[in-house]
Amino acid sequence: MTVQQKAETNPCVINLTVKAEADEIKGEAKKVLNEFVREAQVPGFRKGKVPVDVIRKNFAAELKRETEGACFRAFYPKAVEESGLKVIALEGVTEMKLDEATGMEFNAVVEIRPEYKLPKYKGLSIKKGDVKVEDAAVDSQVESMRKMFAKYEDGKEGDAVADGDFVQFDYKGTMDGQPLSEIVPDQKAVCEATGFWTQVEEGRFLPEILEALKGMKAGEEKKDVKVKFPKDAAPEALKGKKAVYELKVTMIRKCALPDDAGLVESMKSESMDKIRADIRERLEKQAADNELENRRNQAIEHLLKKADFGVPPSLVQRQAEAYLGRLAQQMQYAGVTSEYIEQNREKILKDATEQAEKQVRLSYLLLDIADAEKIEVEEKDENKKDQARAEKTLDFILSEAKK
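Residues numbered from 1 in each chain as written. Predicted model: local features only at pLDDT ≥ 70, side-chain atom pairs only at ≥ 80, totals over all residues. Heavy atoms only, no water.

## What to know about the overall build of the protein chain
Looking only at helices and strands, the protein chain features 13 helices and 10 strands. Over its C-alpha atoms the protein chain spans a radius of gyration of 35 Å, topping by over 25% the 22 Å that the globule rule assigns to 403 residues. The dimensions of the protein chain, computed from C-alpha atoms along their principal axes, are 105 × 65 × 40 Å. Counting across all 403 residues of the protein chain, residues that qualify as buried make up 35%. When contacts within the protein chain are restricted to residue pairs at least 6 apart in sequence, those whose partners lie at least 24 apart make up 68%. Accessible surface, the protein chain: about 25,400 Å² in total, of which carbon and sulfur atoms supply 49%. Averaging the positions of the 69 positive and the 78 negative side-chain charges in the protein chain gives two centres separated by 3 Å. (Helix = DSSP H or I, 4+ residues; strand = E, 2+ residues; numbered from the N terminus. Rg over C-alpha atoms; globule rule 2.2 N^0.38 Å. Buried < 20%, exposed > 50% of the residue type's maximum accessible area, 1.4 Å probe, protein only. Contact = heavy atoms within 4.5 Å. Areas by Shrake-Rupley, 256 points an atom, 1.4 Å probe, with all protein chains shown as cover. Lys, Arg positive; Asp, Glu negative; His and termini not counted. Charge placed at Lys NZ, Arg CZ, Asp CG, Glu CD.)

Here it is as C-alpha coordinates:
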(Lines give C-alpha, C1' and ligand atoms only; values in the text may rest on other atoms or scores of the structure.)
Protein backbone atom coordinates (compact mmCIF):
# COMPACT_ATOMS: atom_id res chain seq x y z
CA MET A 1 0.00 0.00 0.00
CA THR A 2 1.22 3.52 -0.79
CA VAL A 3 -0.09 6.81 0.59
CA GLN A 4 0.43 10.26 -0.92
CA GLN A 5 -0.53 13.55 0.73
CA LYS A 6 -1.60 16.78 -0.90
CA ALA A 7 -2.60 19.88 1.07
CA GLU A 8 -5.65 21.84 -0.03
CA THR A 9 -6.07 25.63 0.28
CA ASN A 10 -6.83 25.22 3.98
CA PRO A 11 -3.78 23.66 5.72
CA CYS A 12 -6.17 21.60 7.85
CA VAL A 13 -7.60 19.84 4.77
CA ILE A 14 -5.49 17.05 3.25
CA ASN A 15 -6.15 14.84 0.22
CA LEU A 16 -4.83 11.33 0.79
CA THR A 17 -4.32 9.17 -2.30
CA VAL A 18 -4.25 5.52 -1.24
CA LYS A 19 -3.14 2.72 -3.58
CA ALA A 20 -3.09 -1.04 -2.94
CA GLU A 21 -1.83 -3.79 -5.24
CA ALA A 22 -3.99 -6.72 -6.38
CA ASP A 23 -2.39 -9.18 -3.97
CA GLU A 24 -3.07 -6.77 -1.08
CA ILE A 25 -6.80 -6.57 -1.71
CA LYS A 26 -7.46 -10.18 -2.60
CA GLY A 27 -8.08 -11.12 1.04
CA GLU A 28 -10.88 -8.52 1.43
CA ALA A 29 -12.31 -9.45 -1.98
CA LYS A 30 -12.36 -13.11 -0.97
CA LYS A 31 -14.20 -12.34 2.29
CA VAL A 32 -16.90 -10.41 0.43
CA LEU A 33 -17.30 -13.15 -2.21
CA ASN A 34 -17.60 -15.83 0.48
CA GLU A 35 -20.30 -13.80 2.23
CA PHE A 36 -22.28 -13.61 -1.00
CA VAL A 37 -21.88 -17.36 -1.52
CA ARG A 38 -23.29 -17.99 1.97
CA GLU A 39 -26.20 -15.56 1.77
CA ALA A 40 -27.16 -15.15 -1.90
CA GLN A 41 -30.45 -16.61 -3.09
CA VAL A 42 -30.70 -17.54 -6.79
CA PRO A 43 -33.62 -19.45 -8.30
CA GLY A 44 -32.64 -23.05 -9.01
CA PHE A 45 -29.95 -23.19 -6.34
CA ARG A 46 -30.03 -23.86 -2.64
CA LYS A 47 -28.82 -21.12 -0.33
CA GLY A 48 -25.08 -21.48 0.17
CA LYS A 49 -24.70 -23.72 -2.88
CA VAL A 50 -24.69 -21.10 -5.64
CA PRO A 51 -21.60 -21.48 -7.87
CA VAL A 52 -19.08 -18.64 -7.74
CA ASP A 53 -19.36 -17.85 -11.44
CA VAL A 54 -23.16 -17.50 -11.05
CA ILE A 55 -22.62 -15.17 -8.07
CA ARG A 56 -20.19 -13.03 -10.09
CA LYS A 57 -22.61 -12.84 -13.01
CA ASN A 58 -25.78 -12.08 -11.04
CA PHE A 59 -24.32 -9.78 -8.40
CA ALA A 60 -21.49 -8.02 -10.25
CA ALA A 61 -22.47 -4.47 -9.22
CA GLU A 62 -23.24 -5.46 -5.61
CA LEU A 63 -19.98 -7.41 -5.33
CA LYS A 64 -17.97 -4.44 -6.61
CA ARG A 65 -19.70 -2.00 -4.23
CA GLU A 66 -19.28 -4.25 -1.17
CA THR A 67 -15.67 -5.01 -2.04
CA GLU A 68 -14.89 -1.31 -2.39
CA GLY A 69 -16.42 -0.69 1.03
CA ALA A 70 -14.53 -3.56 2.62
CA CYS A 71 -11.24 -2.43 1.12
CA PHE A 72 -11.80 1.14 2.23
CA ARG A 73 -12.55 0.04 5.79
CA ALA A 74 -9.41 -2.10 5.77
CA PHE A 75 -6.96 0.34 4.18
CA TYR A 76 -8.16 3.81 5.26
CA PRO A 77 -7.13 3.39 8.96
CA LYS A 78 -3.76 2.02 7.84
CA ALA A 79 -3.31 4.96 5.48
CA VAL A 80 -4.05 7.45 8.27
CA GLU A 81 -1.57 5.70 10.57
CA GLU A 82 1.09 5.61 7.89
CA SER A 83 0.57 9.30 7.03
CA GLY A 84 1.24 10.34 10.61
CA LEU A 85 -1.56 12.91 10.38
CA LYS A 86 -3.72 13.83 13.35
CA VAL A 87 -7.01 13.29 11.53
CA ILE A 88 -10.14 14.62 13.25
CA ALA A 89 -12.68 13.97 10.50
CA LEU A 90 -13.14 12.23 7.15
CA GLU A 91 -14.83 14.71 4.83
CA GLY A 92 -15.33 12.46 1.81
CA VAL A 93 -14.05 9.75 -0.50
CA THR A 94 -13.64 10.33 -4.23
CA GLU A 95 -12.35 8.50 -7.28
CA MET A 96 -12.69 5.00 -5.85
CA LYS A 97 -11.23 2.61 -8.40
CA LEU A 98 -11.12 -1.16 -7.88
CA ASP A 99 -10.06 -3.99 -10.14
CA GLU A 100 -9.21 -7.35 -8.59
CA ALA A 101 -6.67 -7.90 -11.32
CA THR A 102 -4.78 -4.60 -10.88
CA GLY A 103 -5.62 -3.36 -7.40
CA MET A 104 -7.43 -0.43 -5.79
CA GLU A 105 -7.04 3.35 -5.53
CA PHE A 106 -9.09 6.05 -3.77
CA ASN A 107 -8.80 9.63 -2.57
CA ALA A 108 -9.81 10.49 0.99
CA VAL A 109 -10.30 14.13 1.94
CA VAL A 110 -9.54 14.47 5.65
CA GLU A 111 -9.45 17.28 8.17
CA ILE A 112 -6.51 17.37 10.51
CA ARG A 113 -5.65 19.09 13.73
CA PRO A 114 -3.92 22.45 13.10
CA GLU A 115 -0.18 22.65 13.68
CA TYR A 116 1.05 25.89 15.23
CA LYS A 117 3.31 27.28 17.92
CA LEU A 118 1.71 28.42 21.15
CA PRO A 119 2.16 32.17 21.59
CA LYS A 120 3.40 33.73 24.82
CA TYR A 121 0.62 33.52 27.39
CA LYS A 122 2.41 34.31 30.64
CA GLY A 123 3.31 37.81 31.72
CA LEU A 124 0.82 39.54 29.42
CA SER A 125 0.07 43.24 29.87
CA ILE A 126 -3.58 43.25 30.93
CA LYS A 127 -5.16 46.53 31.99
CA LYS A 128 -7.35 46.45 35.06
CA GLY A 129 -10.55 48.45 35.07
CA ASP A 130 -12.24 50.55 37.77
CA VAL A 131 -14.91 48.70 39.74
CA LYS A 132 -15.86 51.62 41.98
CA VAL A 133 -19.61 52.32 42.11
CA GLU A 134 -20.46 56.03 42.30
CA ASP A 135 -23.32 57.36 44.42
CA ALA A 136 -24.93 58.69 41.24
CA ALA A 137 -25.26 55.12 39.90
CA VAL A 138 -27.02 54.05 43.09
CA ASP A 139 -29.30 57.10 42.89
CA SER A 140 -30.21 56.20 39.32
CA GLN A 141 -31.15 52.67 40.33
CA VAL A 142 -33.27 53.98 43.20
CA GLU A 143 -35.20 56.16 40.74
CA SER A 144 -35.67 53.14 38.47
CA MET A 145 -37.13 51.29 41.45
CA ARG A 146 -39.54 54.15 42.05
CA LYS A 147 -40.72 53.90 38.44
CA MET A 148 -41.34 50.16 38.89
CA PHE A 149 -43.79 50.92 41.70
CA ALA A 150 -45.27 54.04 40.12
CA LYS A 151 -49.00 54.54 40.15
CA TYR A 152 -50.94 56.19 37.35
CA GLU A 153 -53.85 58.52 37.93
CA ASP A 154 -56.12 60.30 35.47
CA GLY A 155 -54.72 63.71 34.74
CA LYS A 156 -56.53 66.77 36.05
CA GLU A 157 -57.75 69.60 33.87
CA GLY A 158 -54.79 71.64 32.73
CA ASP A 159 -52.22 68.87 33.32
CA ALA A 160 -49.55 68.61 30.60
CA VAL A 161 -47.86 65.48 29.31
CA ALA A 162 -44.50 64.82 30.95
CA ASP A 163 -41.83 62.11 30.86
CA GLY A 164 -43.15 58.79 32.15
CA ASP A 165 -46.84 59.65 31.69
CA PHE A 166 -49.22 57.46 29.72
CA VAL A 167 -51.03 59.37 27.03
CA GLN A 168 -53.93 58.53 24.73
CA PHE A 169 -53.92 60.33 21.40
CA ASP A 170 -55.04 60.23 17.79
CA TYR A 171 -52.52 60.58 14.97
CA LYS A 172 -52.36 60.50 11.20
CA GLY A 173 -49.28 60.65 8.97
CA THR A 174 -48.80 61.94 5.43
CA MET A 175 -45.93 62.19 2.99
CA ASP A 176 -46.03 64.99 0.43
CA GLY A 177 -49.74 65.29 1.19
CA GLN A 178 -50.46 61.59 0.57
CA PRO A 179 -51.71 59.53 3.55
CA LEU A 180 -49.18 56.96 4.75
CA SER A 181 -52.03 54.45 4.81
CA GLU A 182 -51.97 54.60 1.00
CA ILE A 183 -48.17 54.32 0.78
CA VAL A 184 -47.67 51.48 3.27
CA PRO A 185 -51.16 50.06 3.91
CA ASP A 186 -49.69 46.98 5.63
CA GLN A 187 -47.89 49.11 8.24
CA LYS A 188 -50.86 50.45 10.18
CA ALA A 189 -48.85 51.28 13.29
CA VAL A 190 -46.95 54.08 11.53
CA CYS A 191 -49.88 55.33 9.46
CA GLU A 192 -52.69 56.41 11.77
CA ALA A 193 -54.64 55.43 14.85
CA THR A 194 -57.44 56.63 17.10
CA GLY A 195 -57.28 56.29 20.88
CA PHE A 196 -53.71 55.03 20.80
CA TRP A 197 -52.01 54.64 24.20
CA THR A 198 -48.26 54.88 24.79
CA GLN A 199 -45.90 55.84 27.54
CA VAL A 200 -43.73 58.89 27.05
CA GLU A 201 -40.46 57.03 27.35
CA GLU A 202 -37.60 56.50 24.94
CA GLY A 203 -38.16 53.61 22.55
CA ARG A 204 -41.91 53.39 23.05
CA PHE A 205 -42.88 55.08 19.77
CA LEU A 206 -41.50 57.33 17.05
CA PRO A 207 -39.08 59.66 18.91
CA GLU A 208 -40.26 62.88 17.24
CA ILE A 209 -43.86 62.14 18.21
CA LEU A 210 -42.93 61.32 21.80
CA GLU A 211 -41.07 64.62 22.01
CA ALA A 212 -43.99 66.52 20.48
CA LEU A 213 -46.42 65.05 23.02
CA LYS A 214 -44.50 66.54 25.95
CA GLY A 215 -46.22 69.64 27.24
CA MET A 216 -49.49 68.99 25.42
CA LYS A 217 -52.78 68.97 27.33
CA ALA A 218 -55.91 66.91 26.82
CA GLY A 219 -57.82 68.29 23.82
CA GLU A 220 -54.78 70.02 22.27
CA GLU A 221 -53.68 69.34 18.69
CA LYS A 222 -50.53 69.68 16.64
CA LYS A 223 -50.67 69.69 12.85
CA ASP A 224 -47.06 69.66 11.67
CA VAL A 225 -45.00 67.16 13.64
CA LYS A 226 -42.12 66.23 11.33
CA VAL A 227 -40.72 62.67 11.45
CA LYS A 228 -37.72 61.27 9.57
CA PHE A 229 -37.64 57.50 9.22
CA PRO A 230 -34.30 55.70 9.63
CA LYS A 231 -32.57 54.22 6.60
CA ASP A 232 -32.15 50.73 8.04
CA ALA A 233 -35.11 49.83 10.29
CA ALA A 234 -38.13 51.24 8.47
CA PRO A 235 -40.51 49.88 5.81
CA GLU A 236 -38.88 49.99 2.37
CA ALA A 237 -41.10 52.79 1.05
CA LEU A 238 -40.32 54.98 4.08
CA LYS A 239 -36.57 54.45 4.50
CA GLY A 240 -34.83 57.78 4.95
CA LYS A 241 -38.03 59.63 4.04
CA LYS A 242 -39.78 62.46 5.91
CA ALA A 243 -43.41 62.46 6.98
CA VAL A 244 -45.73 64.92 8.73
CA TYR A 245 -48.13 63.90 11.50
CA GLU A 246 -51.22 65.43 13.03
CA LEU A 247 -51.66 64.72 16.77
CA LYS A 248 -54.53 65.18 19.19
CA VAL A 249 -54.22 64.29 22.88
CA THR A 250 -57.42 62.82 24.32
CA MET A 251 -56.39 61.62 27.80
CA ILE A 252 -53.44 61.71 30.18
CA ARG A 253 -52.56 59.38 33.03
CA LYS A 254 -49.99 61.01 35.25
CA CYS A 255 -47.14 59.06 36.76
CA ALA A 256 -47.02 59.31 40.58
CA LEU A 257 -43.74 58.02 42.02
CA PRO A 258 -43.63 56.67 45.58
CA ASP A 259 -41.69 58.65 48.19
CA ASP A 260 -39.02 56.96 50.33
CA ALA A 261 -41.54 55.55 52.80
CA GLY A 262 -43.74 54.27 49.99
CA LEU A 263 -40.78 52.67 48.23
CA VAL A 264 -39.63 50.92 51.43
CA GLU A 265 -43.16 49.58 51.94
CA SER A 266 -43.56 48.48 48.31
CA MET A 267 -40.23 46.64 48.34
CA LYS A 268 -40.90 45.14 51.78
CA SER A 269 -37.51 46.36 52.90
CA GLU A 270 -36.24 47.55 56.27
CA SER A 271 -35.22 51.04 55.22
CA MET A 272 -33.93 53.20 52.39
CA ASP A 273 -30.41 52.55 53.69
CA LYS A 274 -30.98 48.80 53.22
CA ILE A 275 -32.36 49.37 49.71
CA ARG A 276 -29.36 51.49 48.76
CA ALA A 277 -26.94 48.98 50.30
CA ASP A 278 -28.50 46.11 48.34
CA ILE A 279 -28.35 48.13 45.14
CA ARG A 280 -24.71 49.04 45.74
CA GLU A 281 -23.80 45.40 46.39
CA ARG A 282 -25.48 44.32 43.16
CA LEU A 283 -23.81 47.08 41.14
CA GLU A 284 -20.42 46.27 42.63
CA LYS A 285 -20.84 42.62 41.61
CA GLN A 286 -21.85 43.68 38.10
CA ALA A 287 -18.86 46.00 37.89
CA ALA A 288 -16.51 43.24 39.06
CA ASP A 289 -17.99 40.77 36.55
CA ASN A 290 -17.70 43.31 33.73
CA GLU A 291 -14.12 44.13 34.69
CA LEU A 292 -13.20 40.44 34.69
CA GLU A 293 -14.86 39.98 31.30
CA ASN A 294 -12.89 42.95 29.97
CA ARG A 295 -9.58 41.45 31.14
CA ARG A 296 -10.52 38.08 29.66
CA ASN A 297 -11.26 39.77 26.34
CA GLN A 298 -7.84 41.45 26.41
CA ALA A 299 -6.19 38.07 26.90
CA ILE A 300 -8.26 36.54 24.10
CA GLU A 301 -7.39 39.39 21.74
CA HIS A 302 -3.70 38.91 22.46
CA LEU A 303 -3.82 35.15 21.85
CA LEU A 304 -5.73 35.47 18.58
CA LYS A 305 -3.45 38.25 17.33
CA LYS A 306 -0.27 36.29 18.06
CA ALA A 307 -1.48 32.91 16.74
CA ASP A 308 -3.17 33.13 13.35
CA PHE A 309 -3.58 29.64 11.89
CA GLY A 310 -6.07 27.68 9.81
CA VAL A 311 -8.70 25.52 11.48
CA PRO A 312 -10.87 22.61 10.26
CA PRO A 313 -13.76 23.89 8.08
CA SER A 314 -16.31 21.48 9.56
CA LEU A 315 -15.72 22.88 13.06
CA VAL A 316 -16.09 26.42 11.73
CA GLN A 317 -19.33 25.50 9.98
CA ARG A 318 -20.74 23.90 13.13
CA GLN A 319 -19.79 26.94 15.23
CA ALA A 320 -21.22 29.33 12.60
CA GLU A 321 -24.55 27.49 12.60
CA ALA A 322 -24.74 27.80 16.39
CA TYR A 323 -23.85 31.50 16.17
CA LEU A 324 -26.53 32.12 13.54
CA GLY A 325 -29.10 30.33 15.70
CA ARG A 326 -28.35 32.59 18.65
CA LEU A 327 -28.33 35.65 16.40
CA ALA A 328 -31.72 34.75 14.93
CA GLN A 329 -33.23 34.60 18.42
CA GLN A 330 -31.70 37.94 19.37
CA MET A 331 -33.00 39.56 16.20
CA GLN A 332 -36.46 38.13 16.80
CA TYR A 333 -36.56 39.53 20.33
CA ALA A 334 -35.30 42.89 19.04
CA GLY A 335 -38.03 43.01 16.40
CA VAL A 336 -35.66 42.96 13.42
CA THR A 337 -37.63 42.42 10.21
CA SER A 338 -37.07 39.52 7.83
CA GLU A 339 -36.63 42.16 5.13
CA TYR A 340 -33.60 43.60 6.93
CA ILE A 341 -32.12 40.11 7.39
CA GLU A 342 -32.54 39.30 3.69
CA GLN A 343 -30.94 42.57 2.60
CA ASN A 344 -27.95 41.99 4.88
CA ARG A 345 -27.69 38.23 4.43
CA GLU A 346 -24.16 38.23 2.94
CA LYS A 347 -22.74 40.41 5.69
CA ILE A 348 -24.48 38.39 8.40
CA LEU A 349 -23.08 35.12 7.01
CA LYS A 350 -19.61 36.65 6.61
CA ASP A 351 -19.62 37.91 10.19
CA ALA A 352 -20.88 34.54 11.45
CA THR A 353 -18.06 32.71 9.65
CA GLU A 354 -15.42 35.11 10.94
CA GLN A 355 -16.67 34.85 14.51
CA ALA A 356 -16.86 31.06 14.25
CA GLU A 357 -13.30 30.83 12.91
CA LYS A 358 -12.03 32.92 15.83
CA GLN A 359 -13.96 30.83 18.34
CA VAL A 360 -12.58 27.54 16.98
CA ARG A 361 -9.04 28.95 16.93
CA LEU A 362 -9.45 30.24 20.49
CA SER A 363 -10.70 26.84 21.63
CA TYR A 364 -7.57 25.14 20.28
CA LEU A 365 -5.36 27.75 21.93
CA LEU A 366 -6.94 27.54 25.36
CA LEU A 367 -7.16 23.74 25.44
CA ASP A 368 -3.55 23.40 24.27
CA ILE A 369 -2.44 25.80 26.99
CA ALA A 370 -4.49 23.74 29.44
CA ASP A 371 -2.62 20.63 28.29
CA ALA A 372 0.73 22.41 28.61
CA GLU A 373 -0.09 23.58 32.14
CA LYS A 374 -1.89 20.34 33.10
CA ILE A 375 -5.11 22.21 33.91
CA GLU A 376 -7.95 19.80 34.62
CA VAL A 377 -11.54 20.06 35.91
CA GLU A 378 -14.05 17.66 37.41
CA GLU A 379 -16.68 17.26 34.69
CA LYS A 380 -18.00 14.09 33.04
CA ASP A 381 -19.68 15.74 30.05
CA GLU A 382 -16.90 16.19 27.47
CA ASN A 383 -18.40 19.34 25.89
CA LYS A 384 -18.90 20.98 29.27
CA LYS A 385 -15.48 19.77 30.34
CA ASP A 386 -13.75 21.53 27.43
CA GLN A 387 -15.66 24.75 28.17
CA ALA A 388 -14.77 24.57 31.87
CA ARG A 389 -11.11 23.92 31.08
CA ALA A 390 -11.06 26.86 28.66
CA GLU A 391 -12.52 29.21 31.27
CA LYS A 392 -10.11 27.96 33.91
CA THR A 393 -7.24 28.47 31.49
CA LEU A 394 -8.29 32.08 30.90
CA ASP A 395 -8.28 32.66 34.64
CA PHE A 396 -4.81 31.08 34.79
CA ILE A 397 -3.55 33.45 32.07
CA LEU A 398 -4.93 36.43 33.99
CA SER A 399 -3.29 35.22 37.20
CA GLU A 400 0.04 35.09 35.32
CA ALA A 401 -0.33 38.56 33.81
CA LYS A 402 2.01 41.40 34.73
CA LYS A 403 1.19 42.80 38.14
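## Looking at the packing of helix H12 (residues 345–372) against helix H13 (residues 382–399)
At a closest axis distance of 9 Å, the pairing of H12 and H13 adopts a crossing angle of 75°. Relative to H13, the element H12 lies roughly perpendicular. Residues Leu366, Leu367, Ile369, Ala370 and Asp371 of H12 pack against Asp386, Arg389, Ala390, Thr393, Leu394 and Ile397 of H13. For the contact of H12 with H13, the class distribution of residues is 7 nonpolar, 1 polar and 3 charged. (Axes fitted to C-alpha atoms, helices over the stretch in contact; angles between N-to-C directions. Parallel < 35°, antiparallel > 145°, perpendicular 65-115°, else oblique. Nonpolar A, V, L, I, M, F, W, Y, C, P; charged D, E, K, R; others polar.)

## Concerning the packing of aromatic side chains
On inspection of all chains with the given rule, the structure shows 12 aromatic pairs. Between tyrosine 171 and tyrosine 245 the ring centres are 6.3 Å apart and the planes differ by 50°, which places this aromatic pair in the tilted class. Here the residue tyrosine 171 occupies a position in strand E6 (residues 166–175), and tyrosine 245 occupies one in strand E10 (residues 242–256), the gap between them amounting to 74 residues. On the basis of relative accessible area, tyrosine 171 is assigned to the buried category, the value being 4%. On the accessibility criterion, tyrosine 245 (0% relative accessible area) is buried. Aromatic rings pair up to connect Phe169, Tyr171, Phe196, Phe205 and Tyr245 into one cluster. For the cation-ring pair, lysine 78 lies above phenylalanine 75, with the distance from its terminal atom to the ring centre recorded as 5.3 Å. (Phe/Tyr/Trp six-rings, centres within 6.5 Å; stacked < 30°, edge-to-face > 60°. Lys NZ or Arg CZ within 6 Å of the ring centre and 35° of its normal.)

## Concerning helix H10 (residues 313–334)
Here H10 spans 31 Å end to end across 22 residues, near enough to the 32 Å set by a 1.5 Å rise per residue. Listing the buried residues of H10 in full gives Ser314, Val316, Ala320, Leu327 and Met331. All buried residues of H10 project into a common sector of 135° when viewed along the axis, lining one side. Looking at H10, the residues exposed on the side facing more than 90 degrees away from the buried face are Arg318, Glu321, Gln332 and Tyr333. One or two positions beyond H10, positive phi appears at glycine 335, with a value near 80°. (Expected span 1.5 Å × (residues − 1). Arc of directions from axis to C-beta.)

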